[in-house]
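In case you want the letters, here they are:
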Amino acid sequence: MGAAVRVEAPAAQTRERLAEFVAGVVAPLAHVRQRENALVYVRGLVEQGGRKSLQPTLFRLEETSARYESVQQFLADSPWEPQLLVRGCAERVAPRLGVLAWVVDDTGIAKQGSHSPGVKRQYSGTLGGIGNCQIAVSVHAVGARGTLPLGWALYLPEEWCADPRRREKAKIPASVGFETKPQLATRLCEQAAGWRLPAAPILADCAYGDNTAFRGRLAELELEYVVAVSSQLSVFGPETTFAVPGRNGTVGRRRSVARPDRKPESVRSLAERLPAQAWRTVACRTTSSGEEVASRFAFVRVVATHPVRTDCLPAREEWLIVEWPKDSEAPSDYWLSNLPATESRERLARLARLRWAIELDYRQLKGELGLDHYEGRSYAGFHHHCALVTCAHAFLTLERLDPKAPRPA
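Residues numbered from 1 in each chain as written. Predicted model: local features only at pLDDT ≥ 70, side-chain atom pairs only at ≥ 80, totals over all residues. Heavy atoms only, no water.

Topic: the overall build of the chain
In step 1: In terms of helices and strands, the chain carries 14 helices and 14 strands.
In step 2: Within the chain, buried positions represent 50% of all 409 residues. (Helix = DSSP H or I, 4+ residues; strand = E, 2+ residues; numbered from the N terminus. Buried < 20%, exposed > 50% of the residue type's maximum accessible area, 1.4 Å probe, protein only.)

Brief notes about the pairing of strand E13 (residues 318-323)
In step 1: Among the 6 residues in E13, 6 count as buried, and that is most of the element.
In step 2: Taking every second residue as pointing to the same face, both faces of E13 are buried, with Glu318, Leu320 and Val322 on one and Trp319, Ile321 and Glu323 on the other.
In step 3: In this structure, E13 lies alongside strand E14 (residues 333-337), joined through 5 bridges in antiparallel fashion. Within the sheet, the bridge partner assigned to tryptophan 319 lies in E14 and is serine 337. (Pairing = 2+ DSSP bridges.)

What to know about the pattern of salt bridges
In step 1: Scanning the model with the defined rule gives 21 salt bridges in all.
In step 2: Between aspartate 77 and lysine 171 there is a salt bridge whose closest N-O contact spans 2.5 Å. With aspartate 77 in the loop between helix H4 (65-76) and helix H5 (82-93) and lysine 171 in the loop between helix H7 (164-169) and helix H8 (181-193), the pair connects residues that are 94 residues apart, well separated along the chain.
In step 3: Via salt bridges that share partners, Arg15, Arg43 and Glu47 belong to a single interconnected network. (Salt bridge = Lys/Arg side-chain N within 4 Å of Asp/Glu carboxyl O.)

Focus on helix H14 (residues 379-401)
In step 1: Taking 1.5 Å of rise per residue, 23 residues should cover 33 Å, and H14 covers 34 Å from first to last C-alpha, within 8% of that figure.
In step 2: The element H14 is extensively covered by neighbouring structure, given that 20 of its 23 residues are classed as buried.
In step 3: The N-cap of H14, judged by a side-chain oxygen 3.3 Å from the amide nitrogen of alanine 380 a few residues on, is serine 378. (Expected span 1.5 Å × (residues − 1). Polar contact = N/O pair within 3.5 Å; in protein donor to acceptor, adjacent residues only side chain to side chain.)

Some words on the nonpolar core
In step 1: Among the nonpolar cores identified, the biggest contains 101 residues, and Phe21, Leu85, Trp102, Val104, Leu150 and Leu388 are the most heavily contacted of them.
In step 2: Setting aside chain neighbours within four positions, we find valine 104 in contact with Ser138, Val139, Ala185, Cys189, Ile202, Leu203, Ala204, Tyr208 and Phe214.
In step 3: Membership of the second largest hydrophobic core comes to 17 residues, among which are Val235, Val302, Leu320 and Val322. (Core = buried A, V, L, I, M, F, W, Y, C linked by side-chain atoms within 4.5 Å. Contact = heavy atoms within 4.5 Å.)

Observations regarding the side chain of arginine 167
In step 1: Mapped onto the secondary structure, arginine 167 falls in helix H7.
In step 2: It is aspartate 163 that comes nearest to the buried, bridge-free arginine 167 among opposite-charge side chains, at 8.3 Å.
In step 3: For arginine 167, the contacting residues outside a window of four places in its chain are Trp160, Cys161, Ile172, Pro173, Ala174 and Val176. (Lys, Arg positive; Asp, Glu negative; His and termini not counted.)

Here it is, written out as structure tokens:
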């Protein structure tokens, strides 16, 4: 999986391919001026330059002040749906990537002040602690030949959602209410699942994997997943039997809920009592140089304590995947997966360890394409910017895969 290439000084042919690609992606936009402004903005993101905020970008493109006003209005206030562009990119590019998984994650965007929508002092793994930032939740396709964003959602803390004055200034629609990061991620996955994309298991860290509703909703949507969970998550082990108990006496109400015959335990406790033969060394990653990396794993069928079925049907079994490196004193990682019971152990291990690829995506989206350079204070503007960055990223991915091929319309 390589990063998309940088176009240093686009030749005429490259600009023609960029225009062709963007024209296809932005075709659903209603107005000619919107489509023109989209191309100008994406050109500014792709071509060599420094900071990707609007004014210096247009200056480098030698655009007029009138164009600046037009693009600014297009970005911050124009009523177009950003998911139209993200979908256009996804359906054109994802089939070229050899998609292996969809990855859910979030990234912190450092900010000064308190006016950018969603900004506050909050924890961000990207920042390595608590900082003044926005947090964007995203879903990405990860394939053998590259990566691609499939959706973006700005996380709005509860105090933002409950403050009418801040909402008005940031132009947050009345229909937008508070949603947790797992709720935002679920919505993005559900949206992308309705597009013409290669289906693939969804990967996420334990901030999402520990969330019962997140796993449950993916299962309801018949979407496969391999999600990290914390060591204290409770499960019923493989020896557990679920049965519907008989009713009390002859007049008691007939029972319908299957009950386990033992108490749950943490995934760490379960891992520590597994016999030696449960552990096997499995290839779990291939380096960029082609070297196979292996580690020690156990694969156990379990039932998470939530959701336990509330009807007469059997409880929903899942894979518990545990990695315990040979020289470590304790297991290092745990995952739950709803892939079939017949799934190969190697594929489970490789999917569990694949989520790291998302860091390459964020690195390019921020460091080269200006994902974190948007300086506007509009809720819609933030999502418009993310969609246009996605267009730039998708085009560069196609350039890396086949720089001379016509761009898909």
